[in-house]
Amino acid sequence: RLSGEGIYLFSDTGASTIDQSIFIFRRPDKTETLTYLCGRVLPLGSGQIELLAAEATGQTNRIQLEDLRKKKEQGNNCGELLNARKRIEHELIKETEKTLAIAKMKLHVRDELNRIRIIFGGGGHCEIPYKRAVIAPFSGQLFREPVNPDIISVPPPPDLELQDYQKRWMRRLSVAYGLSFEKSE
């Protein structure tokens, strides 16, 4: 009910993958319609950061992976983690551009992509590399002029009583929550 009509890019960062979809949401005559333009699953999830970092150290055992995961979660960007983030960012820029290009080809009015809004979700989402990489293609070759897309968030479900600390991480779980209930419920 709170959703606005328009074109959206949803980028959901999980542990293994980034799921991206571009869709158009409309409400003609009080009905809701979704038109999916593109959906892709990219093997660039947040668990890949510590895996790439571990491979760079030559130690991919469970203990090393767990140590790197903890460092990553604490915001410690040692050299290996920083390099892994840069590699994922570089790849995700290219893949997001492909997602946008596929969607743009399906639009009747190609400039409609200039009004896209971005929704980020998933437990692995963070500024670097995920947010930065998804935004980067909007100043690339797909657009005549750089586009500054609105970044919106999914509001917490109104039927949950959440403490302040829970509200901070709820946005990371919003997709899972939204998919767990039928619309009629």
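Note that the structure is a prediction, hence the values are computed from the model and not measured.

## Description of the nonpolar core
Residues Ile7, Ile22, Leu92, Ile116 and Phe138 are the most contacted members of the largest nonpolar core, which totals 33 residues. Looking at this core, the elements with two or more residues in it are β1 (6-13), β2 (18-26), β3 (33-42), α1 (47-57), α3 (79-106), β4 (117-121) and α4 (127-135). Among the elements that line this core, the one with the most residues is α3, at six residues. Membership of the second largest hydrophobic core comes to five residues, among which are Tyr8, Phe10, Phe25 and Ile119.

## Side note on the packing of α1 against helix α2 (residues 62-73)
Two quantities define a packed helix pair, namely the angle between the helix axes and the distance between the axes. At a closest axis distance of 9 Å, the pairing of α1 and α2 adopts a crossing angle of 125°. Taken together, the axes of α1 and α2 are oblique relative to one another. The element α1 and its partner α2 pack so that their crossing is right-handed. From α1, Gly47, Ile49, Glu50, Leu51, Ala53, Ala54 and Thr57 reach across to α2, where they touch Gln64, Leu65, Leu68, Arg69 and Lys72. Here the residues of the contact of α1 with α2 sort into six nonpolar, three polar and three charged.

## What to know about the confidence of the model for the protein
Mean pLDDT over the protein stands at 86; residues scoring 70 or higher make up 85%. The lowest-confidence element of the protein is helix α5 (residues 164-179), averaging 59 in pLDDT; the highest-confidence one is α3, averaging 96. This model gives residues 177-182 a pLDDT under 50, and the stretch forms four contacts once residues within four places in sequence are excluded.

## Focus: the environment of Asp111
Along the chain, Asp111 turns up in the loop between α3 and β4. As a C-alpha pair, Asp111 and Arg144 span 33 residues in sequence and 9.4 Å in three-dimensional space. A polar side-chain atom of Asp111 sits 3.2 Å from a polar atom in the side chain of Arg144.

## Observations regarding the packing of aromatic side chains
Counted by the stated rule, this structure contains three aromatic pairs. Each residue in the set Tyr8, Phe23 and Tyr36 is aromatic and connected to the rest through ring pairs, giving one cluster.

## Observations regarding the sheet that holds β1
Pairing within the open sheet is mixed, and its five strands lie in the order β3-β2-β1-β4-β5. What marks the edges here is a single partner per strand, and that holds for β3 and β5 (150-152). For this sheet the average axis-to-axis angle between neighbouring strands, irrespective of direction, equals 20°. Examined bridge by bridge, β4 and β5 share three bridges and lie parallel to one another. Directly across from Ile119, in β5, lies its bridge partner Ile152. In this fold α3 packs onto β1, β2 and β3, with an angle of close to 150° to the strand it touches most, β3. This element, α4, spans β1, β2, β4 and β5 of the sheet and lies at about 165° to β4.

## A closer look at unusual backbone geometry
Cis peptide bonds are those with omega within 30 degrees of zero, and the linkage from Ile128 to Pro129 qualifies with 20°. Assignment of secondary structure puts Pro129 in helix α4.

How each quantity is defined
Residues numbered from 1 in each chain as written. Predicted model: local features only at pLDDT ≥ 70, side-chain atom pairs only at ≥ 80, totals over all residues. Heavy atoms only, no water. Core = buried A, V, L, I, M, F, W, Y, C linked by side-chain atoms within 4.5 Å. Buried < 20%, exposed > 50% of the residue type's maximum accessible area, 1.4 Å probe, protein only. Helix = DSSP H or I, 4+ residues; strand = E, 2+ residues; numbered from the N terminus. Axes fitted to C-alpha atoms, helices over the stretch in contact; angles between N-to-C directions. Parallel < 35°, antiparallel > 145°, perpendicular 65-115°, else oblique. Left-handed = near helix turned anticlockwise from the far one by under 90°. Contact = heavy atoms within 4.5 Å. Nonpolar A, V, L, I, M, F, W, Y, C, P; charged D, E, K, R; others polar. pLDDT = per-residue confidence, 0-100. Polar contact = N/O pair within 3.5 Å; in protein donor to acceptor, adjacent residues only side chain to side chain. Phe/Tyr/Trp six-rings, centres within 6.5 Å; stacked < 30°, edge-to-face > 60°. Pairing = 2+ DSSP bridges.

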